[in-house]
Amino acid sequence: MPPQLQSQSQSGPRIVQGDLGALAPAVREFIESSITLCQPESLHICDGSLEENDALLAQMEEQGMIKRLQKYENCWLVRTDPKDVARVESRTVLVTPEERDAVPCPVGGGVSQLGRWMSPEEFDKASGQRFPGCMKGRTMYVIPFSMGPVGSPLSKIGVELTDSPYVVASMRVMTRMGKAILNDLGNGEFVRCLHSVGCPLPLKKPLVNNWPCNPDLTLIAHIPDQRKIVSFGSGYGGNSLLGKKCFALRIASRIAKEEGWLAEHMLILGITNPAGEKKYMAAAFPSACGKTNLAMLNPTLPGWKVECVGDDIAWMKFDSEGNLRAINPENGFFGVAPGTSQKTNPNAMATICKNTIFTNVAETSDGGVYWEGMDQSLADGISITSWKSKPWTGDSAGEPSAHPNSRFCTPAGQCPIIDPLWESPEGVPIEAIIFGGRRPEGVPLVYEAFNWQHGVFVGAAMRSEATAAAEHKGKVIMHDPFAMRPFFGYNFGHYLDHWLSMAQRSDAKLPKIFHVNWFRKSPTGGFLWPGFGENIRVLEWMFRRLDGESGAIPSAVGYLPAPGSLNLSGLNVDVDELFHLSEEFWEKEVQDIRSYFHKEVNDDLPNEIQTELDQLAKRVQRL
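The following refers to the structure shown. What you see is a predicted model; the values in this text were computed from it and never measured.

## Some details on the side chain of Glu 448
With respect to the secondary-structure elements, Glu 448 resides in strand S27 (residues 446–448). With a relative accessible area of 2%, Glu 448 lands in the buried category. Looking at Glu 448, its side chain comes within polar contact range of the side chain of Lys 512, at 3.1 Å.

## What to know about the environment of Cys 193
On the secondary structure map, Cys 193 appears in strand S10 (residues 191–196). The spacing of Cys 193 and Phe 247 is 54 residues in sequence and 8.6 Å in space, taken between C-alpha atoms. Residues in contact with Cys 193, not counting those within four places in the same chain, are Phe 30, Phe 145, Val 159, Glu 160, Leu 161, Ile 229 and Leu 242.

## Things to note about the environment of Lys 512
Tracing the backbone shows Lys 512 in strand S30 (residues 512–516). For Lys 512, a relative accessible area of 29% translates into the label partly exposed. Sequence separation between Lys 512 and Ile 255 is 257 residues, and the spatial gap between their C-alpha atoms is 25 Å.

## Description of helix H11 (residues 452–460)
Most of H11 is tucked away: 8 of the 9 residues are buried. Where H11 is concerned, the buried positions are Trp 452, His 454, Gly 455, Val 456, Phe 457, Val 458, Gly 459 and Ala 460. Summarising the contacts, the buried residues of H11 are in contact with strand S26 (428–436), S27, helix H12 (492–501), S30, helix H15 (583–601) and helix H16 (607–621). Capping of H11 at its N-terminal end is provided by Asn 451; its side-chain oxygen lies 3.2 Å from the backbone amide nitrogen of Gln 453.

## Focus: the pattern of salt bridges
Applying the stated criterion to the full structure yields 32 salt bridges. Between Arg 68 and Glu 61 there is a salt bridge, with its nearest N and O atoms 3.9 Å apart. Overall, the relative accessible area of 35% leaves Arg 68 in the partly exposed class. Judged by its relative accessible area of 33%, Glu 61 falls in the partly exposed class. Among the ionic pairs, Arg 254 bridges to Glu 258, the shortest N-O distance being 2.6 Å. Of the two residues, Arg 254 and Glu 258 both sit in helix H8 (residues 243–259), 4 residues apart, roughly one turn of that helix.

So, how was this worked out
Residues numbered from 1 in each chain as written. Predicted model: local features only at pLDDT ≥ 70, side-chain atom pairs only at ≥ 80, totals over all residues. Heavy atoms only, no water. Helix = DSSP H or I, 4+ residues; strand = E, 2+ residues; numbered from the N terminus. Buried < 20%, exposed > 50% of the residue type's maximum accessible area, 1.4 Å probe, protein only. Polar contact = N/O pair within 3.5 Å; in protein donor to acceptor, adjacent residues only side chain to side chain. Contact = heavy atoms within 4.5 Å. Salt bridge = Lys/Arg side-chain N within 4 Å of Asp/Glu carboxyl O.

The structure is reproduced here in structure tokens:
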């Protein structure tokens, strides 16, 4: 049964755990003002303990919000309201005094593709229509959390107030959370995060799947000047776990600009060669491009080892010796389930067998999970129930068993190949940055940028194949600069200026920048590159480039591997087709990039990026 309305105390909420008076004045003021606004029935200050987590899981199980998966150790299944299944870009806004602080102004006006702006006046009105009394009858949970290892000079602290126990349980996985964070915070600065599912009690209409949400009024607002995030109406991960994309990318990228570092949508991996030499690399890919698979790579080349620092977000800052140091600010993996299998990512499959919250996957009758692309045959007599709680029998059902954006939320420390330094307070030294996308045509398997400025251009010009929202449109190539398009915390043109400024640091040891494309297809439609564990061959070439060992030849797009420098032993691949540069394709590519920059970035495009585009156009003419 969902929770029912309890009597509201006239003297404020009943405190069920914690001591409000013991909190730092700024934290207490944030909580008290939010209590006045949201009017919760009770207050629970989270300590992050196992006992607290067990109690919340048991409470949600009793309410029918989650279900224990008997096949695994401490694993749980959540089915959401089908109207609350993903990030909602159209309702995700940056609130700044001037629109141009948040997004470039597109040529001819209209809505920017690089973020959405809301004026402070509009936000005040929208907030006033949503938050007053929104937590009536519910518990307000106070979640103190650290993005990054507790006490690291690269870490930042947040405090999230939420009326969702699902958010509490998930934040315990995804962040360092609880009593220790308040001790570390003291009277220091923190990011204020306020979240409500927007369903005060008593309910005005029945819940779907016992999942409270208010999709008609969903709003996720970021107020960078106040270091504040406000989210209403959605219980789904990216909209409610405010430490994730909201803090770790949108707010953090703005803080990083002011403080001189980088907050990026990047995996971090460590790679060790057969001689025992180790290097760290960061990589930015749009969705559906194998980001988590690369972060947890199983190399096919003997003697090579890959270890995972993080699969989604990197905070990077130059140290006193000029090394670019990176931490993974998260504590868990919030991965897309469909497509994850023993073939594509055996390390992820090993990670999620315990202490994991699954959302909107299918369930097997023996208490397990199932999704498209899992590639596991079921035992005789085992049946499947879809994410919509309906019996599911295969392709004939007409819809997938698991939602395409279904997720696993699992502790990073359980990954079999987690890097020994993944929680190092000083971070790991990044020597290479990799950009990539899903490009069926024209883009070579790998190339290296000529220099830092050219590398920033390569990131700015990133494009990737995505399925259009309207099915009949088929596949389209979308611009996704730096794989950050939905996550910029400020004007993209200014973001490019910030990246370019790194080259002005006299002591900076700038990483080499590369671009990869695992997804090029032959004229008959098959992939030219086997991918997965074989991608170690491309990382090996990069590794040797960093040591000045492997050969490269200049081309129109960047340095390509010299003949024989890419280890292809045992593979049967068409090297000429993998690296062929078509003048016709690249003329069109230049044209599309130029059009995008002109329309979307407009007057905020740095001159250096325009120069790089013009130079690419000249090199393409010589193909």
